[in-house]
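Summary of structural features
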Amino acid sequence: MTTVAGETAEVPARLLVRDLAQLVTPSGGAPPLRGAALRDVGVIEDAFVLCDGGRIEAIGRMRDLTPVSGQVVEIDGGGLSAVPGLVDCHTHAAFGGDRVDEFALRASGAGYEEIHAAGGGILATVSATRAAGEEGLRDAVLRHRAWMLQAGTTTFEAKSGYGLDRDTELASLRAIADAGGVTTWLGAHAVPPEYPDADAYLDFALRDVLPEAAKLAEAADVFLERGAFDAAQARRFLEACREAGLALRLHGDQFTEQGAVPLAVELGARSVDHLEATGDEGIRALAVSDVVAVLLPASALFLDRPMPPARDLIDAGAAVALATDFNPGSAFCESLPLVCSLACTQLHLAPGEALTGCTVNAAHVLGRSGSVGRLAPGYDADIVLLDATDWRYLSYHMGGEVVKAVIRKGEVVQERLPALG
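Residues numbered from 1 in each chain as written. Predicted model: local features only at pLDDT ≥ 70, side-chain atom pairs only at ≥ 80, totals over all residues. Heavy atoms only, no water.

1. Quick look at the overall build of the protein chain
When helices and strands are tallied, the protein chain shows 14 helices and 17 strands. Based on the C-alpha atoms only, the size of the protein chain along its principal axes is roughly 70 × 45 × 45 Å. Burial statistics for the protein chain: of 421 residues in total, 56% are counted as buried. Of the contacts made within the protein chain by residues no fewer than 6 positions apart, 73% connect residues no fewer than 24 positions apart. In the form shown here, the protein chain has an accessible surface area of approximately 16,400 Å², with 50% of it arising from carbon and sulfur atoms. (Helix = DSSP H or I, 4+ residues; strand = E, 2+ residues; numbered from the N terminus. Buried < 20%, exposed > 50% of the residue type's maximum accessible area, 1.4 Å probe, protein only. Contact = heavy atoms within 4.5 Å. Areas by Shrake-Rupley, 256 points an atom, 1.4 Å probe, with all protein chains shown as cover.)

Structural data, given as structure tokens:
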């Protein structure tokens, strides 16, 4: 049960989560974590976490908890486990419409060409997103943000890329920022139908969109894949974005190897994401680089594609993160707990590796590893309470409602009925 102790109503309340069965946080040093450090987590039994001013003040065993002064909001954590607020470092949450018709066609055995002929694919979402307008995009991102929060995501990144015109791209970035998301300009996602080829579109995007997008976004992203943008075009786009002050990210090796990994390493990108088609050479290159491999198993599952070589990447020494790839066409999934389960069952990660992948390492990709992704003094008080006495239920309870409550910056923002207690 949640209770309030103390008498000084004028002083903002501190938050105490007490009597937790377990409190678990990734250990290790400076991120990104890799190798043995990736699975190293600290477990405190019969634990508490004390928060003040939206940050974590202290964690420890209940027997070491000293009296807390002032007004204190207390949460009974009996029978629950606490893990850091989850960090989703790759989503496409700013879109209009849906692709449920396309999903039904694919489920009935339709191939890419048939789906495309029926009006499916990225450009179908481009049309719906342009039609949504700025208010519709704001509503959509807020709706999707609420879904993520229910699943324990307290920090999320989202990309534009479904507008592919100036006004809709900028509206998408504003909608993401207004919802509290980390903004990425996916200016090179696809070639819209009004341009004859990718180079002509990039002329427009870099001339007319980048100057304003750079004021709204933290990073830039490109879809380097056959049928989208080739390595030379991706280089042109990313170098211009880097010059404008944006961090760099790439969609790469989703279906074929087209040079994404060497380009990401050369340009010092924060991440290269997907990697379902990455071979041995790419694995070796990532293992000796600072580029994080962001793996998206929900997308591979949704499209019935091969899973990325996660175990080989980790064993070689690459830094790995996990994300949902939430989008309307190829990964309509906002649940990081489900992704953790897929990481363990399909990618052969240990539960500790999965937890680190969607906390510390994902936070590193977003440039926020000093404030989110761990339960430690000084970090944001972002906490997920699991309805289990063993934290490994985060991965073990496949697709279930394992999240009991979500605390963000010291406030309970999501609580699954019945109430705590």
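2. Quick word on the sheet that holds strand β12 (residues 271-274)
Taken in spatial order, the eight strands line up as β7-β8-β9-β10-β11-β12-β13-β14 in an open sheet, and their pairing is parallel. In this open sheet, the two edge strands, each paired with only one partner strand, are β7 (86-88) and β14 (320-322). With direction set aside, neighbouring strand axes in the sheet form an average angle of 25°. Pairing of β7 with strand β8 (residues 153-159) involves three bridges; the strand directions are parallel. Its bridge partner being in β8, Val87 is matched across the sheet by Thr155. Contacts from helix α4 (residues 166-178) reach β8 and β9 (182-188) within the one sheet, and its direction differs from that of β9 by about 160°. (Pairing = 2+ DSSP bridges. Axes fitted to C-alpha atoms, helices over the stretch in contact; angles between N-to-C directions.)

3. A word on the packing of aromatic side chains
The geometry of an aromatic ring pair is captured by two quantities: the separation of the ring centres and the angle between the planes. Under the defined criterion, the tally for this structure stands at twelve aromatic pairs. With centroids separated by 5.5 Å and ring planes inclined at 35°, the aromatic side chains of Phe103 and Phe302 adopt a geometry described as tilted. With Phe103 in helix α1 (residues 100-107) and Phe302 in helix α9 (residues 297-302), this residue pair connects regions lying 199 residues apart in the sequence. According to the relative accessible area criterion, Phe302 is partly exposed, its value standing at 27%. When the centroid spacing of 6.2 Å and the interplanar angle of 75° are considered together, the rings of Trp147 and Phe326 count as edge-to-face. You can see Trp147 sitting in helix α3 (residues 122-150) and its partner Phe326 sitting in the loop between β14 and α11 (336-345), a full 179 residues away along the chain. Of the residues examined, Phe326 reaches a relative accessible area of 0% and is grouped as buried. Among the aromatic residues, those joined into a cluster by ring pairs are Phe95, Trp147, Tyr162, Phe326 and Phe332. (Phe/Tyr/Trp six-rings, centres within 6.5 Å; stacked < 30°, edge-to-face > 60°.)

4. Quick look at the pattern of salt bridges
A side chain of one charge can pair with a side chain of the opposite charge when the charged atoms of the two come close. By the definition in use, this model includes 28 salt bridges. Where Arg207 meets Asp208, a salt bridge forms, and the shortest distance between an N and an O atom there is 2.9 Å. You can call Arg207 exposed: its relative accessible area is 54%. A salt bridge links Asp390 to Arg392; the nearest nitrogen and oxygen atoms lie 2.7 Å apart. Exposure remark for Asp390: the relative accessible area of 19% places this residue in the buried category. Under the relative-accessibility criterion, Arg392 is labelled partly exposed at 44%. (Salt bridge = Lys/Arg side-chain N within 4 Å of Asp/Glu carboxyl O.)

5. Observations regarding the nonpolar core
Note that soluble globular proteins tend to have their nonpolar side chains buried in a common cluster. In terms of nonpolar packing, the biggest core is built from 77 residues, with Trp185, Phe237, Leu250, Leu286, Leu295, Leu313 and Leu322 touching the most fellow members. Looking at this core, the element that brings in the most residues is helix α5 (residues 198-216), giving nine residues. The residues touching Leu313, leaving out its near neighbours within four places in the chain, are Leu275, Ile283, Leu286, Ala293, Leu295, Ala318 and Val320. Formed by 18 residues, the second largest nonpolar core is a distinct cluster that contains Leu23, Ala47, Ile56 and Ala381. (Core = buried A, V, L, I, M, F, W, Y, C linked by side-chain atoms within 4.5 Å.)

6. Quick word on the state of the cysteines
In the structure shown here, the tally under the stated rule is zero disulfides. As a non-bridged cysteine, Cys241 has Cys89 as the owner of its nearest cysteine sulfur, 19 Å distant. (Disulfide = S-S within 2.5 Å.)

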